[in-house]
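Residues per chain are reported as follows:
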Amino acid sequence: TLAPRFGSAAANAVVGAADRVMVSGTATIDGKPLEGGFLWIEVERDGLREACNFSHNTGTAGTYTRTVVGDAEMHGCGRPGDRVYVVTFRDGRVLYSQPAPWPASGHVLTLDAEFASAGSVASPAGTRIQGDVLLGDGTHAPPRSIVEAYIGDTRCGVAGIPPALMTFSDPGAFSMIVGGADSVPGCTSGATITFRVNGHAVAGKAINTLQPRNPSVSLLAAPQP
């Protein structure tokens, strides 16, 4: 990939880079330091969630530090009023920390993640979808394009195509969590998901399985003037 990587001058020069927040703290599971755990940060707004941190991971056993982007850099990510979660995957289950509010000011957030293998914070069901958006001429939709998932007329997921390399996506692709009815009424399990890119309907569909797998979709969009 030619995507700018975290720490590079190109990644630090993208629109919205000044709104990034450093999220750090301790991470335990069943009261013991979490070792070898893969952690990421999700931001929740109005029941919709998005993974919002760079792929660069730092920390030691029992601690973590992640750089998280704001909404101006990737649509659906942090802004005041949103809730921030630390998330990990253990024994086939997605585990969530208690949430913390996105900082109203400043660029630092401390969030100690206390996971429990028997179930941390109730994990909202969701269908995790990854994919790309191709324009009619075969090129990829540009970074900062907005991808939305709908079930009927209800918006059940939102993601941005990032301008730099993220944990689950890069400028050639998006990663999205489509919620269930427990997150947003109308986001029914088993229903067909349709997509919009920058507000326009596109070709490509998926099923809202509410499973933590990563189905892949390719969306075909017409270039917009």
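For the structure, check the block above.
A brief look at the structure comes next.

The rules we used
- Residues numbered from 1 in each chain as written.
- Predicted model: local features only at pLDDT ≥ 70, side-chain atom pairs only at ≥ 80, totals over all residues.
- Heavy atoms only, no water.
- Helix = DSSP H or I, 4+ residues; strand = E, 2+ residues; numbered from the N terminus.
- Core = buried A, V, L, I, M, F, W, Y, C linked by side-chain atoms within 4.5 Å.
- Buried < 20%, exposed > 50% of the residue type's maximum accessible area, 1.4 Å probe, protein only.
- Contact = heavy atoms within 4.5 Å.
- Disulfide = S-S within 2.5 Å.
- Polar contact = N/O pair within 3.5 Å; in protein donor to acceptor, adjacent residues only side chain to side chain.
- Salt bridge = Lys/Arg side-chain N within 4 Å of Asp/Glu carboxyl O.

This paragraph deals with unusual backbone geometry. Residues other than glycine seldom take positive phi values, yet D30 does so here, at roughly 55 degrees. Mapping D30 onto the fold places it in the loop between β1 (21–29) and β2 (32–33). Unusually for a residue other than glycine, N198 sits at a positive phi of about 50 degrees. Along the chain, N198 falls in the loop between β15 (192–197) and β16 (200–207).

Further remarks concern the nonpolar core. Membership of the largest hydrophobic core comes to 27 residues, with the highest contact counts inside it found for V23, Y64, V86 and F115. Listed by contribution, the elements that provide at least two residues to this core are β1, β3 (39–45), β5 (63–68), β6 (83–90) and β10 (113–115). Sequence-distant contacts of V23, defined by excluding residues within four places in its chain, comprise I41, Y64, T65, R66, V68, L109 and L111. Listed in part, the 26 residues of the second largest apolar core include A141, V178, F195 and V202.

Taken as a whole and judged by the stated rule, the model has two disulfides. With its sulfur 2.1 Å from that of its partner, C52 forms a disulfide with C77. Here the S-S torsion is close to -95 degrees, and the disulfide linking C52 with C77 is therefore left-handed. One end of the pair, C52, is in the loop between β4 (48–51) and β5; the other, C77, is in the loop between β5 and β6, with 25 residues separating them in the sequence. In this model, C156 is linked to C187 through a disulfide, with the two sulfur atoms separated by 2.1 Å.

Mapped onto the elements, D82 comes out in the loop between β5 and β6. A polar side-chain atom of D82 sits 2.9 Å from a polar atom in the side chain of R45. Beyond its immediate stretch of four places on either side in the chain, D82 contacts V43, E44, R45, C77, A100, P101 and W102.

So, about the pattern of salt bridges. Evaluation of the coordinates by the stated rule reveals seven salt bridges. As a salt-bridge pair, R83 and E44 come within 3.2 Å of each other at their nearest N and O atoms. Placement of R83 in strand β6 and of E44 in strand β3 is noted, with a sequence separation of 39 residues between them. Residue classification places R83 among the partly exposed residues on the basis of a relative accessible area of 40%. With a relative accessible area of 12%, E44 lands in the buried category. Here D82 makes a salt bridge to R45, at a shortest N to O gap of 2.9 Å. Remark: R45 occurs in strand β3 and D82 occurs in the loop between β5 and β6; sequence separation between them is 37 residues. You can call R45 buried: its relative accessible area is 15%. Salt bridges sharing common partners tie together E42, R49 and R128.

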